[in-house]
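Each chain, written out:
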Amino acid sequence: MTQQLRDRGYAVLQPHDTAVWLGCDLADLQALASDWADLPPDDFLKDGGRYRRRRHSCFIVDGSAVSQTPHRAHWQPVEYNALHGGMQRWFAPMRDATVQAPVRGRLMRALGGLAQQALATRSETWFIEAHQFRIDTEGGIGRPTPEGAHRDGVDLVAVFLVDREGVKGGETRIFEATGPNGQRFTLSEPWSVMLLDDARMIHETTPIQPDGEHGWRDTLVLTCRRDGFLEDAGQ
């Protein structure tokens, strides 16, 4: 995994491998899925859609210590998010039960350790933003990445598929930021994960459509940055 990130700029793990990486049972991860059932709507979608629900919280990993920061806005510059960049987006925080789950600390520490190894940096302090997403098809089509192909302006990105029910589509596409190569695949098994070196790779996920009456795609997205959280210089 570490060598794949260094060589190719990305790695994809199947659920069993994810659990081995984190040092937990797969059942511990699967037990988190119910926390996606009550996500509030994303009120900041500029395309007027009502297909995305989310929660957002921030953490600092310093060696083996993991701490949650006071609740803060999610902000990206327009250079990385042309659709929603430049906005102070205050999403509802993650529920205490989700944050306090023992596996949550394993997730954060594992990501910080991987970033340090794969990016060949001596930094032991990492600033992690955690996003719970549900994209649903109640309105017909759901868009996991309405901003299109993009980078996040961080060092490492992890996209965990938590659940996928009654949908088709949702193909993940990644491209070299400065080269011709790309890959296409679909995360289909709960707790499979895509890991990206954000400086080297651009990514997007295609829209989902209902495969039946109603469906959804749940993900946990963790972004890891070494120099602090992205800040709005105008604030």
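Above: the structure in question.
Cut-offs and rules
- Along every chain, residues carry numbers that run from 1 in the direction the sequence is written.
- Predicted model: local features are reported for residues with pLDDT of at least 70 only, side-chain atom pairs are reported and counted for 80 or more only, and whole-chain, interface and lining totals are derived from all residues.
- Side-chain measures here rest on the full set of heavy atoms in the structure, leaving out hydrogens and waters.
- We call two strands paired when DSSP finds no fewer than two bridges between them.
- Only runs of H or I of at least four residues qualify as helices and only runs of E of at least two qualify as strands under DSSP, and these elements are numbered from the N terminus.
- Under this scheme, a helix contributes an axis fitted over its contacting stretch, all axes are lines through C-alpha atoms, and angles between N-to-C directions fall in the 0 to 180 degree range.
- Each reported salt bridge corresponds to a side-chain nitrogen of Lys or Arg within 4 Å of a carboxyl oxygen of Asp or Glu.
- For the exposure calls, accessible area comes from a 1.4 Å probe over protein chains only, and a residue counts as buried if that area is under 20% of its type's maximum, exposed if over 50%, partly exposed in between.
- The contact rule is simple, with two residues in contact once any of their heavy atoms fall within 4.5 Å.
- Residues belong to a common nonpolar core when they are buried Ala, Val, Leu, Ile, Met, Phe, Trp, Tyr or Cys residues joined through side-chain atoms within 4.5 Å.
- In summary, the pairing rule links any two rings of Phe, Tyr or Trp, Trp by its six-membered ring, whose centres are within 6.5 Å, and it sorts them by plane angle into stacked for under 30 degrees, edge-to-face for over 60 and tilted for everything else.

J.: Quick question: what am I supposed to make of the sheet that holds strand S7 (residues 172-176) here?
T.: To summarise the sheet geometry, strands pair through backbone hydrogen bonds and adopt either a parallel or an antiparallel arrangement. With respect to topology, three strands assemble into an open sheet ordered S8-S7-S10, the strand pairing being antiparallel. Each having just a single partner strand, strand S8 (182-185) and strand S10 (201-205) make up the two edges of the open sheet. Each neighbouring strand pair of the sheet contributes to a mean axis angle of 15 degrees, computed without reference to strand direction.

J.: What should I look at first to understand unusual backbone geometry in this one?
T.: In terms of backbone geometry, most residues other than glycine have negative phi values and most peptide bonds are trans. Even without being glycine, Ala-120 reaches a positive phi, approximately 50 degrees. You can see Ala-120 is positioned in the loop between helix H5 (102-118) and strand S4 (125-136). Even without being glycine, Trp-191 reaches a positive phi, approximately 75 degrees. Inspection of the secondary structure puts Trp-191 in the loop between S8 and strand S9 (193-197).

J.: Would you take a moment to explain the pattern of salt bridges for this structure?
T.: Scanning the entire structure with this criterion turns up twelve salt bridges. Here Arg-54 and Asp-42 are joined by a salt bridge, their closest N and O atoms 3.3 Å apart. Placement of Arg-54 in strand S2 (residues 52-62) and of Asp-42 in the loop between helix H3 (26-30) and S2 is noted, with a sequence separation of twelve residues between them. Here Asp-218 makes a salt bridge to Arg-134, at a shortest N to O gap of 2.7 Å. One end of the pair, Asp-218, is in strand S12 (residues 216-225); the other, Arg-134, is in strand S4, with 84 residues separating them in the sequence. Judged on exposure class, the residue Asp-218 and its partner Arg-134 are both buried. Through salt bridges with shared partners, a single ionic network connects Asp-35, Asp-38, Arg-55 and Arg-95.

J.: I tried to follow the sheet that holds strand S5 (residues 156-165) on my own but got confused; where do I start?
T.: Taken together, seven strands build an open sheet; the order of strands is S1-S9-S5-S12-S4-S2-S3 and the sheet is antiparallel. The sheet is open, and its two borders are formed by strand S1 (10-13) and strand S3 (65-68), each paired with just one other strand. Strand-to-strand, the axes of this sheet are offset by a mean angle of 20 degrees, without reference to chain direction. Judged from the four bridges that link them, S2 and S3 form a sheet pairing that is antiparallel. Opposite Asp-62, over in S3, you have Ala-65 as the bridge partner. Against the sheet, H5 touches S2, S3, S4, S5, S9 and S12, its axis set at about 50 degrees to S12.

J.: Any chance you could explain the environment of Gln-117 here in plain terms?
T.: Residue position: Gln-117 is located in helix H5. Along the chain, Gln-117 and Asp-218 lie 101 residues apart, while their C-alpha atoms are 28 Å from each other. Sequence-distant contacts of Gln-117, defined by excluding residues within four places in its chain, comprise Thr-2 and Arg-6.

J.: Even after reading the chapter, I still don't get the nonpolar core, so can you show me in this structure?
T.: If you look at soluble globular proteins, the nonpolar side chains tend to sit buried side by side. If you look at the biggest cluster of nonpolar residues, it comprises 37 residues, and the most contacted ones within it are Trp-21, Leu-111, Phe-160, Leu-195, Leu-220 and Leu-222. Counting residues per element, the ones that place at least two in this core are S1, helix H2 (15-22), S2, H5, S4, S5, S9 and S12. The biggest single contributor to this core is H5, with eight residues. The contacts of Leu-111, once residues within four sequence positions are left out, are Trp-21, Ile-128, Leu-156, Ala-158, Leu-195, Leu-222 and Cys-224. With 13 residues, the next largest nonpolar core counts Ile-174, Phe-185, Met-194 and Leu-196 among its residues.

J.: Can you help me understand the side chain of Thr-172 in this one?
T.: For Thr-172, the position within the fold is in strand S7. Exposure remark for Thr-172: the relative accessible area of 1% places this residue in the buried category.

J.: Whenever I open this one, the packing of aromatic side chains confuses me. Can you help?
T.: A ring pair, where both rings are aromatic, is described by two values, the distance of the centres and the angle of the planes. The tally for this structure, following the rule as stated, stands at four aromatic pairs. Arranged with centres 6.5 Å apart and planes meeting at 10 degrees, the rings of Trp-21 and Phe-160 form a pair that is stacked. Note that Trp-21 is positioned in helix H2 and Phe-160 in strand S5, a separation of 139 residues in sequence. For the residue pair Trp-21 and Phe-160, the accessibility class agrees, reading buried in each case. Their ring planes at 80 degrees and their centres at 5.3 Å tell us that Phe-127 and Phe-229 sit as a pair that is edge-to-face. Residue Phe-127 is located in strand S4, and its partner Phe-229 is located in the segment after S12; the two are separated by 102 residues in the primary sequence. With respect to class, Phe-127 is no different from Phe-229; both count as buried.

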